[in-house]
Amino acid sequence: MSEIASPVRLPETRPVAATGEGTGVRVLLIGTAITFLALFLVLPLGAVFVQAFAHGVSAYLDAFREPDALSAIRLTLTVAAIAVPFNLVFGVAASWAIAKFEFPGKTFLITLIDLPFSVSPVVSGLIYVLIFGSQGLFGGWLLAHGVQVLFALPGIVLATIFVTFPFVARELIPLMQEQGSSEEEAALTLGASGWHAFRTVTLPNIRWGLLYSVLLCNARAMGEFGAVSVVSGHIRGLTNTMPLHVEILYNEYNFVASFAVASLLAALALVTLVVKSILEWRFSGELAASRRH
Amino acid sequence: MASSPRAGGTERASTAIRVEAVSKTFDTAAVLHDLSLDVRAGELLGLLGPSGSGKTTLLRIIAGLDAPDRGRILFGGDDATGLPVQERAVGFVFQHYALFKHMSVADNIAYGLNARRRADRPAKAEIKRRVGDLLDLIRLSGFGDRYPSQLSGGQRQRVALARALAVEPRVLLLDEPFGALDAQVRKDLRRWLREIHDRTGQTTIFVTHDQDEALELSDRVAVLDKGRLEQVGTPDEVQENPVSATVLKFLGDSVEVEAIAEGGHVSVRGRATPVAAPAGLIGPVKLYVRPWQLQLVEPEAAHLSGVVRSSYRSQGRQRIEVEEAGGHVLAVEDFDGVRYAAGHPVGLRINGGYVFA
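Residues numbered from 1 in each chain as written. Chains lettered and ligands numbered in written order. Predicted model: local features only at pLDDT ≥ 70, side-chain atom pairs only at ≥ 80, totals over all residues. Heavy atoms only, no water.

*Asks:* I tried to follow helix α10 (residues 194-223) of chain A on my own but got confused; where do I start?
*Replies:* Since there are 3.6 residues in each turn of an α-helix, residues three or four apart along the chain are aligned in direction. Taking 1.5 Å of rise per residue, the 30 residues of α10 of chain A would be expected to cover 44 Å, yet its terminal C-alpha atoms sit only 37 Å apart, more than 12% below that figure. Its maximal kink placed at arginine 207 of chain A, α10 of chain A deviates by approximately 55 degrees. (Helix = DSSP H or I, 4+ residues; strand = E, 2+ residues; numbered from the N terminus. Expected span 1.5 Å × (residues − 1). Bend = angle between axes of the 7 residues up to and from the residue.)

Structure below.
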């Protein structure tokens, strides 16, 4: 026992984060990401506005004095005004049924709701041609009774509803499932009617998720091209929505007008993005989507 | 033993709720079998059972949140089986509070009053006054403007109780009301619930899987197992005279001892015990003994013998585990006097116990 332990001097160390990459690697990664974003997102978006204003503000505004352009804008707004509320009601009803009740065929219904996301929009449009076209299932009968579905507003609305079908339901189902039904049950035991409980308890609990999904649903409803293109018939001033109008103008080498209308769609996208980000930042706890991704 | 004041008061009271031969099956599993139970007006009844015994389902059926497959629910003699939950006037308190997150505490409590039709709805000032009274009752005066997320678990559960009481229910139903709370809060809330009950005289049924909770709080305890009602009685009755091994085991620790019943008595290893055998019961039986019914004695006076395996002390008592020759382990409780080392040979005398036909 002759040895006396001498104090060990540890070399001085700087704390290093567990995931500590060198500064070079970090700069490289961030640089790559930013370059990529600039090249594929910011640049095209900028190009839309540059092209739209290529011949000055008055040329830009002229594009909106065109009756066909106005009619396209009106049609797009009309379609969204019908399709979005429809999917809102359906989405809430479906989520309610799926989250709060047990019934046979539930998983099948969930799969069915997702279908429009996995089907090509062109196919979605063709479905309606097959059903309502003059050679289609109901087409002949409907025509005989003077109801025009294809190449008219009803067809466009139907195709849009189909394509935007899953947005609300997909956001609300996980949200409602997580919240369970004990708050509603509490309301019922306190004497509230089902409708009163829905209005005062369920709706406030899902409000931000609902707003979030309606926003995305609306953006898609206004921007949908493929399915609408198949059923619309491209009748100028009658069945052209904004995306279809953009394409027609572009094909006619009318770039300024084409990009002017496109800039409206781009602006809509930007607004959607901003509001969506605000919702995610402010109410992330009350959104199912922000937890799923 | 002086009769408990709680038990006496409700003895002749009328029946508030009658559960009549209720059966319920979920998917393929039967949850309640032909269960009947009377709840007396003004009593605090504990529904006690292990998880999966059907106690919560029974509570939900009484509330009208679930419907029975067979049987009836009567409220004060009237058939309420088909009555929708809104018209049953029950106050339901959920295990996880189920407070309305987006409403203030005051709005939560006032919810039931505000949900009434205009003709039945009290005036705004009256609602405000009642909410104030209830906030006083749950000792949260001044918390009316807060939101549930700003309250502790115990405070939330008190708000949930006030919310249920606000509609002046004919019965208060509590589903594992303290289940989500930690031990100390739980203890305080129990005492407080008992106080509130004594003050309001509200007929109350609460579900719990905690024996101590049920025995401490209840006027009467209903022990459920596998969807059947095993026994109903005062806490003293069910503890002193359990009707089955299931009830006995569920109410506390016990050891099983092989015994022989003959001539009205039970003997172990040829030595008589003070336990009486039910009339007509002859032959080998299982004797159930509580830890405090075993006494450490000299081997010559013992029914059982073995060696000390381990012991620990808690709150003035000593708990000793004794291993018999066959490897059978017995738990014994003794005063914290003599200390026993592991491996020490001991004899055990049986001073009491239970046998079931």
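*Asks:* Explain the environment of valine 289 of chain B here, please?
*Replies:* Residues and elements named next belong to chain B. Considering the arrangement of structural elements, one finds valine 289 in strand β14 (residues 283-289). For valine 289, a relative accessible area of 0% corresponds to the buried category. Between the C-alpha atom of valine 289 and that of tyrosine 97, which follows or precedes it by 192 residues, the distance is 39 Å. Non-local contacts of valine 289, meaning those with residues more than four positions away in its chain, are made with Ser254, Val255, Val257, Leu294, Ile350, Gly352 and Gly353. (Buried < 20%, exposed > 50% of the residue type's maximum accessible area, 1.4 Å probe, protein only. Contact = heavy atoms within 4.5 Å.)

*Asks:* Could you clarify how one ought to interpret the interface of chain B and chain A in this entry?
*Replies:* It is common to give the size of an interface as the accessible area that goes away when the parts come together. Listed as interface residues are 19 residues of chain B and, on the opposing side, 19 residues of chain A. Across the interface of chain B and chain A, roughly 1,600 Å² is buried in total on both sides, 60% from carbon and sulfur atoms. Counting the surface chain B buries against chain A, the share from its top three residues, Gln86, His102 and Tyr111 of chain B, is 35%. Between chain B and chain A we count 2 salt bridges in total. Of the charged contacts in the structure, one is a salt bridge between arginine 60 of chain B and glutamate 185 of chain A, with a shortest N-O distance of 2.7 Å. Between the two partners, chain B and chain A, sit 5 residue pairs in polar contact (both at pLDDT 80 or more). At the level of elements, β6 (90-93), α3 (105-114) and α5 (153-166) of chain B are the ones that each hand at least two residues to the side of chain B that touches chain A. Partitioning the side of chain B that touches chain A into residue classes produces 13 nonpolar, 3 polar and 3 charged. (Buried area = accessible area lost by both parts, 1.4 Å probe. Salt bridge = Lys/Arg side-chain N within 4 Å of Asp/Glu carboxyl O. Polar contact = N/O pair within 3.5 Å; in protein donor to acceptor, adjacent residues only side chain to side chain. Nonpolar A, V, L, I, M, F, W, Y, C, P; charged D, E, K, R; others polar.)

*Asks:* How should I be thinking about the packing of α5 of chain B against helix α6 (residues 183-200) of chain B in this particular structure?
*Replies:* Two measures define how a pair of helices packs: the angle their axes make with one another and the distance between the axes. Residue and element names in this part refer to chain B. Contact geometry for α5 and α6: axes closest at 11 Å, N-to-C directions at 20 degrees. Comparing the axis directions of α5 and α6 gives the class roughly parallel. Crossing hand, α5 versus α6: right-handed. The residues of α6 that touch α5, namely those facing Gly154, Gln157, Arg158, Leu161 and Leu165, are Val185, Leu189, Trp192, Leu193 and Ile196. Residues that form the contact of α5 with α6 fall into these classes: 7 nonpolar, 2 polar and 1 charged. (Axes fitted to C-alpha atoms, helices over the stretch in contact; angles between N-to-C directions. Parallel < 35°, antiparallel > 145°, perpendicular 65-115°, else oblique. Left-handed = near helix turned anticlockwise from the far one by under 90°.)

*Asks:* Whenever I open this one, the sheet that holds strand β5 (residues 78-79) of chain B confuses me. Can you help?
*Replies:* Each strand in a sheet pairs with its neighbour through backbone hydrogen bonds, running either in the same direction (parallel) or in the opposite one (antiparallel). On the basis of which strands lie adjacent, the open sheet formed by 4 strands has the order β2-β1-β4-β5 (chain B) and antiparallel pairing. Looking at strand neighbours, the two that pair on one side only are β2 (29-40) and β5 of chain B, the edges of this open sheet. (Pairing = 2+ DSSP bridges.)

*Asks:* For this particular structure, what's the right way to read the packing of helix α3 (residues 67-100) of chain A against helix α4 (residues 106-118) of chain A?
*Replies:* Residues and elements named next belong to chain A. Packing of α3 against α4 brings their axes to within 11 Å, and their N-to-C directions diverge by 150 degrees. Taken as axis vectors, α3 and α4 run roughly antiparallel relative to one another. Where α3 crosses over α4, the two elements pack in a sense that is left-handed. For the pair formed by α3 and α4, the contact residues are Phe90, Ala94 and Ile98 on the first element and Lys106, Leu109, Ile110 and Ile113 on the second. Across the contact of α3 with α4, the residue classes break down as 6 nonpolar, no polar and 1 charged.

*Asks:* Would you explain the environment of leucine 137 of chain A in this entry?
*Replies:* With respect to the secondary-structure elements, leucine 137 of chain A resides in the loop between α5 (121-132) and α6 (139-144). With near-sequence residues (within four places) excluded, leucine 137 of chain A lies in contact with Leu130 and Ile131 of chain A.

*Asks:* Got a minute to help me understand the side chain of threonine 200 of chain A in this structure?
*Replies:* Tracing the backbone shows threonine 200 of chain A in helix α10. Judged by its relative accessible area of 17%, threonine 200 of chain A is buried. A polar contact is formed between the side chain of threonine 200 of chain A and the backbone oxygen of histidine 196 of chain A, at a distance of 2.6 Å. Setting aside residues no more than four positions away along its own chain, threonine 200 of chain A makes contact with His102, Met103 and Tyr111 of chain B.

*Asks:* I tried to follow the packing of aromatic side chains on my own but got confused; where do I start?
*Replies:* We describe a pair of aromatic rings using the distance from one ring centre to the other and the angle between the two ring planes. For the coordinates displayed, the defined rule picks out 17 aromatic pairs over all chains. When the ring of phenylalanine 90 of chain A is compared with that of phenylalanine 165 of chain A, the centres are 4.3 Å apart and the planes differ by 15 degrees; the resulting orientation is stacked. Of this pair, phenylalanine 90 of chain A sits in helix α3 while phenylalanine 165 of chain A is found in the loop between α7 (153-164) and α8 (166-179), placing the two residues 75 residues apart along the sequence. The interplanar angle of 85 degrees and the centroid separation of 6.4 Å between the aromatic rings of tyrosine 250 of chain A and phenylalanine 259 of chain A together place this pair among those described as edge-to-face. Each residue in the set Tyr128, Phe132, Phe138 and Phe162 of chain A is aromatic and connected to the rest through ring pairs, giving one cluster. Between arginine 163 of chain B and the ring centre of phenylalanine 100 of chain B, over which it is positioned, the NZ or CZ distance is 4.5 Å. (Phe/Tyr/Trp six-rings, centres within 6.5 Å; stacked < 30°, edge-to-face > 60°. Lys NZ or Arg CZ within 6 Å of the ring centre and 35° of its normal.)

*Asks:* I would appreciate a short explanation of the pattern of salt bridges in the present structure.
*Replies:* Pairing between side chains of opposite charge can happen when their charged atoms approach one another. Residues and elements named next belong to chain B. For the structure on display, the rule yields 37 salt bridges over all chains. Of the charged contacts in the structure, one is a salt bridge between aspartate 79 and arginine 72, with a shortest N-O distance of 3.5 Å. Residue class for aspartate 79 comes out partly exposed when judged on its relative accessible area of 44%. Accessibility expressed as a relative area gives 35% for arginine 72, which makes it partly exposed.

*Asks:* Honestly, a nonpolar patch on the surface in this entry has me stumped. Any pointers?
*Replies:* Residues and elements named next belong to chain A. Taken together, the side chains of Phe36, Leu37, Leu39, Phe40, Leu41, Val42 and Leu43 make up a nonpolar region of the molecular surface, amounting to roughly 760 Å² of accessible area. Within the secondary structure, phenylalanine 40 sits in helix α1 (residues 23-52). Relative accessible area serves as the criterion here: at 54%, phenylalanine 40 is assigned to the exposed category. (Patch = residues over 30% accessible without salt bridge, like charges linked within 9 Å, V, L, I, M, F, W, Y side chains within 5 Å. Areas by Shrake-Rupley, 256 points an atom, 1.4 Å probe, with all protein chains shown as cover.)

*Asks:* Just checking my understanding: could you explain unusual backbone geometry for this structure?
*Replies:* Trans peptide bonds make up the majority, and among non-glycine residues the majority have a negative phi. All names here are of chain B. Phi at alanine 98 takes a positive value of approximately 50 degrees, unusual for a residue other than glycine. Along the chain, the position of alanine 98 falls in the loop between β6 and α3. With a phi close to 50 degrees, glutamate 168 is a non-glycine residue in the positive phi region. With respect to the secondary-structure elements, glutamate 168 resides in the loop between α5 and β7 (171-175).

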